[in-house]
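Analysis of the macromolecular model
What follows is each chain in one-letter form.
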Number of protein chains: 2
Amino acid sequence: MQRPKIAYTASRPYSSHADAFRQGTSSPLALLEAGLARIEAREPAVRAFVALGIERARADAQRSTQRWLDGVPLSPIDGIAVGIKDIIETADLPTGQGSPMWTGFRTQRDSATVQALRDAGAVIVGKTTTTEFAATEMFASTTNPHDPQRTPGGSSAGSAAAVGAGFVPLALGSQVVGSTIRPASYCGCVGFKPTYGALNRGGTYDQLSHSSAGVIGATLDDVWVSSRAIASRVGGDPGYPGLAGPDALPQARAPQRVVLLETAGWAAATPGARAALDASVEWLRERGVEVVTRAQSDKVEQFERQLADGLLELTLSIIAWETRWPLESYAQRDRSALSHAMLKRLANAAAMTQQDYEAALARRTQLRAAFAALVAGSDGVVTLSASGAAPLGFASTGNAGFAVPASILGVPAVTLPVLSDENLPLGLQFIGAAGEDAALFSLASWFVDEARVD
Amino acid sequence: MQRPKIAYTASRPYSSHADAFRQGTSSPLALLEAGLARIEAREPAVRAFVALGIERARADAQRSTQRWLDGVPLSPIDGIAVGIKDIIETADLPTGQGSPMWTGFRTQRDSATVQALRDAGAVIVGKTTTTEFAATEMFASTTNPHDPQRTPGGSSAGSAAAVGAGFVPLALGSQVVGSTIRPASYCGCVGFKPTYGALNRGGTYDQLSHSSAGVIGATLDDVWVSSRAIASRVGGDPGYPGLAGPDALPQARAPQRVVLLETAGWAAATPGARAALDASVEWLRERGVEVVTRAQSDKVEQFERQLADGLLELTLSIIAWETRWPLESYAQRDRSALSHAMLKRLANAAAMTQQDYEAALARRTQLRAAFAALVAGSDGVVTLSASGAAPLGFASTGNAGFAVPASILGVPAVTLPVLSDENLPLGLQFIGAAGEDAALFSLASWFVDEARVD
């Protein structure tokens, strides 16, 4: 097998749109119109959006364009076009949670994240599709922008598809299992799942105890700058200071030592994906980075065993208990409007006790301590973002094995569109220590600089 | 001045309604109808409810009555009539948050707490008034059931008034400053603000970082049993196991040593309230309880100074930052629909930075550690629940000085209707260590047993 190529394949420009807006080589209105033209051409096949708010978007982009002309942008992301996952409240568009029970539901307010983005001058283009309640079942018919026969991944399906198709350079998602990292991998996007609590989930219908807002973008720069624009305006979840670090992309810093984790996803990884990860490790070693594997370290081996020991079941039982109350209420209202997967989750929850949940939380706490010990003294973890290219068909949104660890550990993860499998995008994932989001982006920034090919 | 009397003045029966239902001396339907008769007679003056759901309540009470007759109640609180603060979602009634912007807003689902109560057989009677967004301004015209010229307190105004007037034996509230303990004190109710996270706030429009669900009731027994009925079904906030302890009221246990705290409320306390607290201390000492005061202990003196050092300002700045995003969104929609107090809060929030918030959180963490050290080796803290009887008029919902500490510390507090001021109810407050809610109820249970007068 030929050695896979490592290349940063995300759409250009590599850097923030701010540079082009400042230099006058682009404008918010031009950016929006280019995206709308792509939407017109490809949205009938991709189906990334539940709702579009074009009129307001054009007016907002017009105002932003004027601010750049006047030299008074509200922020570096003033004028960036954004898609919003349909579990996140928006004042002008309904929030349907991917469920027939919530279709057309309006709160007439913006979520914390949307409020912050608008405050920074961002242009909200529309609401993107999600699986039912950001979980497993897909009522929407979104397709992968790189192959209409394949899933875009989930649950942030529309957000990843919209960015991957070039409809918008940025979109908000969320993640509690693999809902940002996996679709970003399948659709060839940068994806960021921050440290637990780092981006305010107010006004988002996802308040699970290890879920977080997710940011999907065409470039690493836009993803970081937008995330900081949110955190500096509305902070993190209540009780959490919020994402810390510079407002601009953290300076690239070469890692000295990273830990390679196979995770439970490895068993499902395709030959192409395995080869791509092997090539990434070799690529890192060629650049002087020490890559520690389970074969070389008892500590890594022990942690891999913990990851392989029912981690997905653990996360699903935590989620089941925490969603028992809304699901029970929904079931009483209209059982037929819930998917089979949701009814099964509800049944699992009903079989749990407060003590079961407490035990699950205790195991999670123990895993977090073990991870903190594992990464201490290294620059982070490297692994795949998904088990391979997006699978054919739409029966499943794909295997989430590689994304589960960072979710349950509450630590930051970033996926970079630098690998491929079956000639389709595959992400390489870096995972950092809790609260070390900025350091993770320094590593990712170095990687992108090294991997860029023109 | 004559020594104030210490007496448990809450409406009878002292014990759970379950005893009367089991014995057949009462029934859920009889309980509901007695409450509805009082509502018919006094609600025009008290105005505790925003909305009543009488038809469904009667059907639910009828079914519950049958279950007791058949000897198959769903729980000890099967058939208890409950009022729900209007920031908490209910499937059948709108949730207005005390704000003209949200009047009539429907989600068609029950909150976690309401879902659990219904699952336990409770009968939801209606939605009770709240100040705007459970904060300071009162758009509703609820009056104190003991004196129509006085405030019922806030923000859980209607819940406390409804229980105090005998409309319902139980009501849900919430607290982030003094919203459960203060109105319960003014209206002569038992009030419980649990440890942070102990009761699931899912579906409640109050997700601040030290707010919690509150339970207001006519008896200590009902308050505890209902709280446990909620926690055992839907647990605590996501990531928190939820209120722990026996399903029945924890056994009475005489305290050996309690710490007396004056708090910042003392400066505003009326002569009658001061005399009542002094009498309570004497009463405790007569029963062999060691009461440690600031005069006797440097540790207490130091902690009192920390409490007096801008604690309300600290809590208000935390709240301001955390409510910045919805208030900004509301202001953009319709500034005129927000009270002056909310616009001021928004202005305060807009002047804050992420770093200011982080510093406020750090101070809160430090205070919590100091409190844990203070109460270690004691059975808890005793203080007043309010600075006196409910004030005359409706311009303010009263001084919250005595309630602020337990809120910001995230620790459990219970107010007992055992004191009086101006011949009106005044609560005595016990505060426990974080997570020690059951021990706090053992203490309160002992107090109630001692204080009962027939």
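Residues numbered from 1 in each chain as written. Chains lettered and ligands numbered in written order. Predicted model: local features only at pLDDT ≥ 70, side-chain atom pairs only at ≥ 80, totals over all residues. Heavy atoms only, no water.

**Description of the sheet that holds strand β1 (residues 49-52) of chain B**
All names here are of chain B. As summarised here, the arrangement of the eleven strands in space is β1-β3-β2-β4-β6-β5-β10-β11-β9-β7-β8, forming an open sheet in which the pairing is mixed. Each having just a single partner strand, β1 and β8 (290-292) make up the two edges of the open sheet. The average angle at which neighbouring strand axes cross in this sheet is 30 degrees, direction not considered. With three bridges connecting them, β1 and strand β3 (residues 123-128) associate as antiparallel partners. (Pairing = 2+ DSSP bridges. Helix = DSSP H or I, 4+ residues; strand = E, 2+ residues; numbered from the N terminus. Axes fitted to C-alpha atoms, helices over the stretch in contact; angles between N-to-C directions.)

**Points about the environment of S317 of chain B**
Residues and elements named next belong to chain B. Mapped onto the elements, S317 comes out in helix α10 (residues 311-322). Owing to a relative accessible area of 23%, S317 belongs among the partly exposed residues under this scheme. Here the alpha-carbon distance between S317 and D92, two residues 225 residues apart in the chain, equals 35 Å. Not counting the four nearest positions on each side in its chain, S317 is found in contact with M352 and A360. Here the side chain of S317 touches L314 through a polar contact of 3.0 Å, landing on its backbone oxygen. (Buried < 20%, exposed > 50% of the residue type's maximum accessible area, 1.4 Å probe, protein only. Contact = heavy atoms within 4.5 Å. Polar contact = N/O pair within 3.5 Å; in protein donor to acceptor, adjacent residues only side chain to side chain.)

**Quick word on the sheet that holds strand β2 (residues 81-85) of chain A**
Residue and element names in this part refer to chain A. With mixed pairing, eleven strands are arranged side by side in an open sheet as β1-β3-β2-β4-β6-β5-β10-β11-β9-β7-β8. Edge positions in the sheet fall to β1 (49-52) and β8 (290-292), since each has one partner strand and no second. With strand direction ignored, the average angle separating the axes of adjacent strands in the sheet is 30 degrees. Alignment of strand β5 (residues 190-193) against strand β6 (residues 212-217), held across three bridges, turns out to be antiparallel. Across the sheet, V190 pairs through a bridge with G217, a residue of β6.

**A look at the packing of aromatic side chains**
Each aromatic ring pair is characterised by the separation of its centres together with the angle its planes make. With the rule as written, the count across this model stands at 35 aromatic pairs over all chains. For the ring pair W446 of chain A and F447 of chain A, a centre distance of 6.2 Å and an interplane angle of 75 degrees mean the geometry is edge-to-face. A relative accessible area of 0% places F447 of chain A in the buried class. Their ring planes at 50 degrees and their centres at 5.8 Å tell us that F303 of chain B and F371 of chain B sit as a pair that is tilted. (Phe/Tyr/Trp six-rings, centres within 6.5 Å; stacked < 30°, edge-to-face > 60°.)

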